[in-house]
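Remarks on the overall topology
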Amino acid sequence: MRYKKGVTLFGVSAEILAALVVADSVWKRLGEELVVTSITDGKHKFGSLHYLGYAGDVRTRYFQDGGVEAADQLRDALTDEYDVVLESTHIHIEFQPKG
Ligand SMILES: [Zn+2]
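Below: a short report on this structure.

Cut-offs applied
Residues numbered from 1 in each chain as written. Predicted model: local features only at pLDDT ≥ 70, side-chain atom pairs only at ≥ 80, totals over all residues. Heavy atoms only, no water. Buried < 20%, exposed > 50% of the residue type's maximum accessible area, 1.4 Å probe, protein only. Helix = DSSP H or I, 4+ residues; strand = E, 2+ residues; numbered from the N terminus. Arc of directions from axis to C-beta. Contact = heavy atoms within 4.5 Å. 1 Å grid on protein atoms, 1.4 Å probe; cavity = no way out; pocket = protein on both sides within 12 Å on 5 of 7 lines; lining within 4 Å. Points joined across faces, edges and corners; volume = space filled by probe spheres on them. Salt bridge = Lys/Arg side-chain N within 4 Å of Asp/Glu carboxyl O. Core = buried A, V, L, I, M, F, W, Y, C linked by side-chain atoms within 4.5 Å. Donors = N, O, S within 2.8 Å, 3.2 Å for Na, K, Ca; no water. Pairing = 2+ DSSP bridges.

1. Some words on helix α2 (residues 68-77)
Residue pairs spaced three or four apart in an α-helix point in one direction, given the helix's 3.6 residues per turn. What α2 keeps buried is the set Ala70, Ala71, Gln73 and Leu74. Projection of α2 onto a plane perpendicular to its axis shows the buried side chains occupying an angular sector of 165 degrees, all on one side. Where α2 is buried, its residues touch α1 (14-29), β4 (82-86) and β5 (90-95).

Spelled out as structure tokens, the structure:
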């Protein structure tokens, strides 16, 4: 696993780091290196969990299916407390316990 240059981890939650550990093993199984493209840096929607350290983005461009399989496997490997959202350029992972 590696971080894209410019990513900041300041304020990242343990819950997101835990998800990245799981994502790393999923990506390895799929034959790619996990690249984290954003944590608390960058521009996100107002009120985004990124700013609180409860969201992270990971690269998908090397997957021929755009990341569908990676997102499915990651969703399956994580608890229901996470949302795994396949976007056009990346997978957005956020920790948001329900209820
Ligand atoms: Zn995101």
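Structure shown, so let's carry the discussion forward.
2. Observations concerning the layout of surface pockets
When its volume is computed, the largest pocket comes out at roughly 210 Å³. Lining the largest pocket are 14 residues, with His44, Lys45, Ser48, His50 and His92 positioned closest to its centre. No other element matches β5, which puts three residues into the lining of the largest pocket.

3. Some details on the pattern of salt bridges
For the coordinates displayed, the defined rule picks out four salt bridges. For Arg2, the salt bridge is made with Glu33, and the minimal N-O distance between the two is 3.2 Å. You can see Arg2 sitting in strand β1 (residues 2-3) and its partner Glu33 sitting in the loop between α1 and β2 (35-38), a full 31 residues away along the chain. The exposure class of Arg2 is partly exposed, given its relative accessible area of 38%. Residue classification places Glu33 among the partly exposed positions, given a relative accessible area of 40%. A salt bridge links Asp83 to Lys98; its shortest N-O distance comes to 2.9 Å. Taken as a pair, Asp83 in strand β4 and Lys98 in the segment after β5 lie far apart in primary sequence, 15 residues in all. Residue class for Asp83 comes out partly exposed when judged on its relative accessible area of 23%.

4. Comments concerning the nonpolar core
Membership of the largest hydrophobic core comes to 21 residues, with the highest contact counts inside it found for Leu20, Trp27, Val58, Leu74, Leu78, Ile91 and Ile93. Only α1, α2, β4 and β5 provide two or more residues apiece to this core. Of all the elements, α1 adds the most residues to this core, at six residues. When residues no more than four places from it in sequence are discounted, the contact partners of Trp27 are Glu32, Glu33, Leu34, Val58, Arg59, Tyr62, Phe63, Ala70, Leu74 and Ile91.

5. Thoughts on the coordination of the zinc ion
Only His50 (NE2), Asp57 (OD) and His92 (ND1) from the protein coordinate the zinc ion, and they sit 2.0 to 2.1 Å from it. All donors of the zinc ion come from a single chain, and their spacing in sequence reads H-x6-D-x34-H. The pair formed by His50 and Asp57 is uniform in burial state, with each residue classed as buried.

6. Here's the deal with the pairing of strand β3 (residues 55-59)
Most of β3 is tucked away: five of the five residues are buried. Side chains Ala55, Asp57 and Arg59 of β3 all project onto a buried face; the interleaved residues Gly56 and Val58 project onto the opposite face, where all are buried too. In this structure, β2 lies alongside β3, joined through two bridges in antiparallel fashion. Each residue of the ladder has a partner; that of Val36, found in β3, is Val58. Where β3 lies against β5, five bridges are found, and the strand directions are antiparallel. In the sheet register, Val58 faces β5, and the bridge partner there is Ile91.

By themselves, these observations are geometric and do not establish any function.
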